[in-house]
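Residue strings, one per chain:
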Amino acid sequence: MKNSSMYEFAREQFSAVGVDTEAALEALNEIPVSMHCWQGDDVDGFEAPEKAGAGNGCVATGNYLGKASNPAELMADLEQAASHIPGPLRLNLHANYATDGSPLPERNELTVENFRSWIDWAKANQFGIDFNPTSFSHPKAEDGFTLSHKDVGIRQFWIEHCIASRKIGAAIGEELNSPVVNNIWIPDGYKDTPADRMAPRVRLMESLDAILAEDVSKKWNIDAVESKLFGIGVESYTVGSSEFYLGYAATRQIALCLDAGHFHPTESVADKISAALLYVPELLLHVSRGVRWDSDHVVALDDPTTAILQECVSSGQMDRIHVGLDFFDASINRIAAWVIGTRNAKKGLLKGLLQPTKQLRELEQAGDYTSRLAMMEDARSLPWGTVWNEYCERQQTAGDNQWLGAVKRYEQEELVKR
Ligand SMILES: C[C@H](O)[C@H](O)[C@@H](O)C(=O)CO
Ligand SMILES: [Mn+2]
């Protein structure tokens, strides 16, 4: 049976529970997903090799062939991945991926011109760009402290880097006519029990205030802050904890980043969305998959991930939520990792858009929880996969089970040469 006939049948089934699949497909096409550049090279970046790894708060494990090691390779790999992903995409760029300038300036002196090739690439490929200061993998982050460092000189260096990143974000946003989400994540914390939990947090708060004090266009640069529960070597105390950043983002009215891997494994990140949005203007999601810990596995279409993405759309707050990805798996083909994870994020959004939300809310309002559960559970077996394949077809992108061959060919033709 052709997918188009199957789609007509699926459309009727959704329509029977009050869901308009055409409206869902239109809405899906309005939600960009920000693909992170760092899946392509295990978070290495393009700076001097001696910097890579120093004070690195991110661990990619595996040694799959074909890692990108220069801008041309990373851009080609991104294009290969994007060709198998339907709908709008953005590029989530880290400051240590600066391409232009020889030698590259220190991080606190970076300017938009150091990212000129990325801007040209984004224009050519119709991507928006998001940005991140890189406060790790650097000699000044070697002891694991940056914006909360007790040394005022080191703190100042990272403050200047974050200010430079905000200016870069605003300039890119204006040039691409698409605001840049600029997300601050720092690795700061202690392996062992601290004697003073307050002082580093006061320093972090003051550093962030100094960063935000710089007048940068709010129209083109959206500031976000990302919390974390713990990291390898930072098991006992993270300066930028969830409570710290929720309070900070709420009081400074900036965006809060929720990384799905940065909470206790039994916490529901989906449940945090509506609560946080009462107090912060916007959210950035780092869609990721923690396996036992913040392992940054490729996004799967598992229940917790689906719940997060469903909640984004069913909350009716999608215009205040930015969807970004954050995983890095070096044990499998890196391009396939991007394709699988990004398609899954989009599938989760589609599943949310295909939920009979209005009807479920009416049942809830009427106190008919039996029917609410029955409808919610029956909705799970509606043929959303057929609607997804219709979307892929309309976007001239391969449907499920049809894209991997091209990625394997690219591996044989390009990646093996590296
Ligand atoms: C590379 C990213 O900035 C990083 O993954 C950060 O977002 C994070 O989640 C660190 O655990
Ligand atoms: Mn993250």
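Residues numbered from 1 in each chain as written. Chains lettered and ligands numbered in written order. Predicted model: local features only at pLDDT ≥ 70, side-chain atom pairs only at ≥ 80, totals over all residues. Heavy atoms only, no water.

Per an unreviewed UniProt entry, the chain goes by the name L-rhamnose isomerase and belongs to Pelagicoccus mobilis. Entered under Sequence similarities (unreviewed entry) in the UniProt record, the comment concerning the chain runs "Belongs to the rhamnose isomerase family." Turning to the chain, the UniProt annotation filed under Catalytic activity (unreviewed entry) states: "L-rhamnopyranose = L-rhamnulose". (UniProt positions renumbered as here; feature names shortened; annotations may be inferred.)

Enquirer: Would you mind showing me how to read the overall build of the chain here?
Expert: Counting its regular elements, the chain contains 14 helices and 12 strands. Rg of the C-alpha trace for the chain: 22 Å, near the compact-globule value of 22 Å for 418 residues, within the 12% margin. With respect to the principal axes defined by its C-alpha atoms, the chain has extents near 65 × 55 × 40 Å. Split into buried and exposed, the 418 residues of the chain put 54% on the buried side. Intrachain contacts of the chain at a sequence separation of at least 6 include 81% that bridge at least 24 residues. Total accessible area on the chain is roughly 18,000 Å²; 51% of this is exposed by carbon and sulfur atoms. Between the centroid of the 39 positive side chains of the chain and the centroid of its 60 negative side chains there is a distance of 1 Å. (Helix = DSSP H or I, 4+ residues; strand = E, 2+ residues; numbered from the N terminus. Rg over C-alpha atoms; globule rule 2.2 N^0.38 Å. Buried < 20%, exposed > 50% of the residue type's maximum accessible area, 1.4 Å probe, protein only. Contact = heavy atoms within 4.5 Å. Areas by Shrake-Rupley, 256 points an atom, 1.4 Å probe, with all protein chains shown as cover. Lys, Arg positive; Asp, Glu negative; His and termini not counted. Charge placed at Lys NZ, Arg CZ, Asp CG, Glu CD.)

Enquirer: What is the right way to read the UniProt feature "binding site: Mn(2+)" (unreviewed entry) in the chain from this model?
Expert: Listed under "binding site: Mn(2+)" (unreviewed entry) in the UniProt record, and renumbered for this structure, are His262, Asp294 and Asp296. Spanning 35 residues, the named residues nonetheless gather at one spot, since no C-alpha pair among them exceeds 9.7 Å. Within the annotated group, the residues that form the lining of the largest cavity are His262, Asp294 and Asp296. Relative to the elements of secondary structure, His262 occurs in the loop between β8 (255-259) and α8 (269-277). The contact partners of His262, leaving out residues within four places of it in the chain, are Trp185, Glu226, Ser227, Lys228, Leu229 and Asp294. Its place among the elements puts Asp296 in strand β11 (residues 293-297). For Asp296, a relative accessible area of 5% corresponds to the buried category. (1 Å grid on protein atoms, 1.4 Å probe; cavity = no way out; pocket = protein on both sides within 12 Å on 5 of 7 lines; lining within 4 Å.)

Enquirer: Would you mind going over the site of ligand 1 with me for this structure?
Expert: The local shell around ligand 1 holds 13 residues, among which His94, Glu226, Lys228, Asp259 and Asp326 are the closest. In this structure, Glu226 approaches ligand 1 through a side-chain N or O atom, which is 2.7 Å from an oxygen atom. Within the side chain of Asp294, one N or O atom sits 3.5 Å away from an oxygen atom of ligand 1. Judged by the fraction of its atoms near the pocket grid, ligand 1 is located in the largest cavity. Looking at side-chain class alone, the shell around ligand 1 contains five nonpolar, three polar and five charged residues. (Near = heavy atom within 4 Å. Polar contact = N/O pair within 3.5 Å; in protein donor to acceptor, adjacent residues only side chain to side chain. Sits in = over half its atoms within 2 Å of the grid points. Nonpolar A, V, L, I, M, F, W, Y, C, P; charged D, E, K, R; others polar.)

Enquirer: Just checking my understanding: could you explain the coordination of the manganese ion (ligand 2) for this structure?
Expert: Perfect tetrahedral coordination of a metal by four donors corresponds to 109.5 degrees between them, and perfect octahedral coordination by six donors corresponds to 90 or 180 degrees. Coordination of the manganese ion (ligand 2) by the protein involves Glu226 (OE), Asp259 (OD), His286 (ND1) and Asp326 (OD), with metal-donor separations of 2.1 to 2.2 Å. Every donor counted, the six donor atoms about the manganese ion (ligand 2) form angles of 70 to 165° at the centre, which fits octahedral coordination. (Donors = N, O, S within 2.8 Å, 3.2 Å for Na, K, Ca; no water. Tetrahedral: all angles 85-135°; square planar, octahedral: opposite > 155°, others 65-115°.)

Enquirer: I'm lost on the packing of helix α6 (residues 198-213) against helix α7 (residues 242-252) in this one. Help?
Expert: Packed helices, taken two at a time, are described by the angle between their axes plus the distance between the axes. At a minimum axis separation of 12 Å, α6 and α7 run at an interaxial angle of 35°. Helix-helix and strand crossings are classified by hand; for α6 and α7 the assignment is right-handed. Taking contact as the criterion, the partners of Arg201, Leu204, Met205, Leu208, Asp209 and Leu212 in α6 are, on α7, Phe244, Tyr245, Tyr248 and Arg252. Across the contact of α6 with α7, the residue classes break down as seven nonpolar, no polar and three charged. (Axes fitted to C-alpha atoms, helices over the stretch in contact; angles between N-to-C directions. Left-handed = near helix turned anticlockwise from the far one by under 90°.)

Enquirer: I keep staring at the pairing of β8 and nothing clicks. Help me out?
Expert: Across a regular strand the side chains alternate sides, sitting on one face of the sheet and then on the other. Most of β8 is tucked away, with five of its five residues classed as buried. Judged by which residues are buried, β8 turns out to be covered on both faces: Ala255, Cys257 and Asp259 on one side and Leu256 and Leu258 on the other are all buried. In terms of strand pairing, strand β6 (residues 221-226) meets β8 through three bridges, oriented parallel. Pairing of Ala224 across the sheet is with Ala255, part of β8. Following the backbone out of β8, through α8 and into the adjacent parallel strand β9 (residues 283-287), one traces a crossover that is right-handed. (Pairing = 2+ DSSP bridges. Right-handed = clockwise from strand over helix to strand, strands pointing away.)

Enquirer: Before we go on, may I ask you to explain α8 in this structure?
Expert: One turn of the α-helix equals 3.6 residues, which is why residues spaced by three or four share an orientation. All buried positions along α8 are accounted for by Val269, Ala270, Lys272, Ile273, Ala276 and Leu277. What you see down the axis of α8 is that its buried residues fit within an arc of 150°, all on one side. Looking at the buried side of α8, the elements it contacts are α7, β8, β9, α9 (303-314) and β12 (321-325). Where α8 starts, the residue carrying a side-chain oxygen 3.4 Å from the main-chain nitrogen of Ala270 turns out to be Ser268. (Arc of directions from axis to C-beta.)

Enquirer: What exactly am I supposed to notice about the environment of Lys351 here?
Expert: Within the secondary structure, Lys351 sits in helix α10 (residues 334-353). In this structure Lys351 comes out as partly exposed when scored by relative accessible area, which is 22%. Residues Lys351 and Leu309 lie 42 residues apart in sequence; the distance between their C-alpha atoms is 8.2 Å. Residues in contact with Lys351, not counting those within four places in the same chain, are Leu301, Thr306, Gln310 and Trp384.

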